[in-house]
Amino acid sequence: MATETPPPSPTPARLPSAEQFTEVQESAEFGELRRSYRSFAFPLTVAFIAWYLLYVLLSNYAGGFMGTRLFGNVNVALVLGLAQFLTTFLIAWWYARHAAAELDPRAAAIKSRMEGGA
């Protein structure tokens, strides 16, 4: 019975020092990555919260408007409530595309350099 040699284990990533973390955090490349994230996430977050609060305020203070029937038993409140779900999924999809195209490659490059791969 022949014994097989186990495959070599991958070399562990080199752990950066605290000084290297600080250096990368202060770099222009990391600042640009952070700006790219913030310029996408913050405006969308504010817009979605405003949209949600508008729905809540309309539900509380504009019952007549929200109760307006559009067709059959479907009223404005139901349509706007379902639109909340739709916008949630659209924003998540949009962010995933943005992250894959803009954020992930930059973050991977920084991580690779930090771990000594570049």
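Heads up: these notes are all about the structure in this document. Quick caveat, the model's predicted, so the values are computed rather than measured. (Residues numbered from 1 in each chain as written. Predicted model: local features only at pLDDT ≥ 70, side-chain atom pairs only at ≥ 80, totals over all residues. Heavy atoms only, no water.)

1. Considering the side chain of Gln84
Spelled out, the test is: Segments assigned H or I by DSSP are reported as helices when at least four residues long, segments assigned E as strands when at least two residues long, and all are numbered from the N terminus. When a residue's accessible area, from a 1.4 Å probe over protein chains only, is under 20% of the maximum for its type it is buried; when over 50% it is exposed; and in between it is partly exposed. It only takes one pair of heavy atoms within 4.5 Å for two residues to be counted as in contact.
Looking at the element boundaries, Gln84 is found in helix α4 (residues 76–114). Judged by its relative accessible area of 9%, Gln84 falls in the buried class. The residues contacting Gln84, other than those within four sequence positions of it, are Phe48, Trp51, Tyr52 and Tyr55.

2. Comments concerning the packing of aromatic side chains
What counts here: Ring pairs are drawn from Phe, Tyr and Trp, using the six-membered ring of Trp, whenever the two centres fall within 6.5 Å, and their geometry is named by plane angle: stacked under 30 degrees, edge-to-face over 60, tilted for the rest.
The full count for this structure, using the stated rule, is three aromatic pairs. The interplanar angle of 85° and the centroid separation of 6.4 Å between the aromatic rings of Tyr37 and Tyr95 together place this pair among those described as edge-to-face. Pair noted here: Tyr37 is in helix α2 (residues 28–61) and Tyr95 is in helix α4, with a separation of 58 residues, a long-range link. On the basis of relative accessibility, which here comes to 31%, the residue Tyr95 falls in the partly exposed class. Taken together, a centroid distance of 5.9 Å and an interplanar angle of 45° make the contact between Phe40 and Tyr95 tilted. Separated by 55 residues along the polypeptide, Phe40 in helix α2 and Tyr95 in helix α4 bring together distant segments of the chain. Overall, the relative accessible area of 10% leaves Phe40 in the buried class. An aromatic cluster is built from Tyr37, Phe40, Trp94 and Tyr95, whose rings are joined through pairwise contacts.

Any functional reading would require information beyond the geometric quantities listed.
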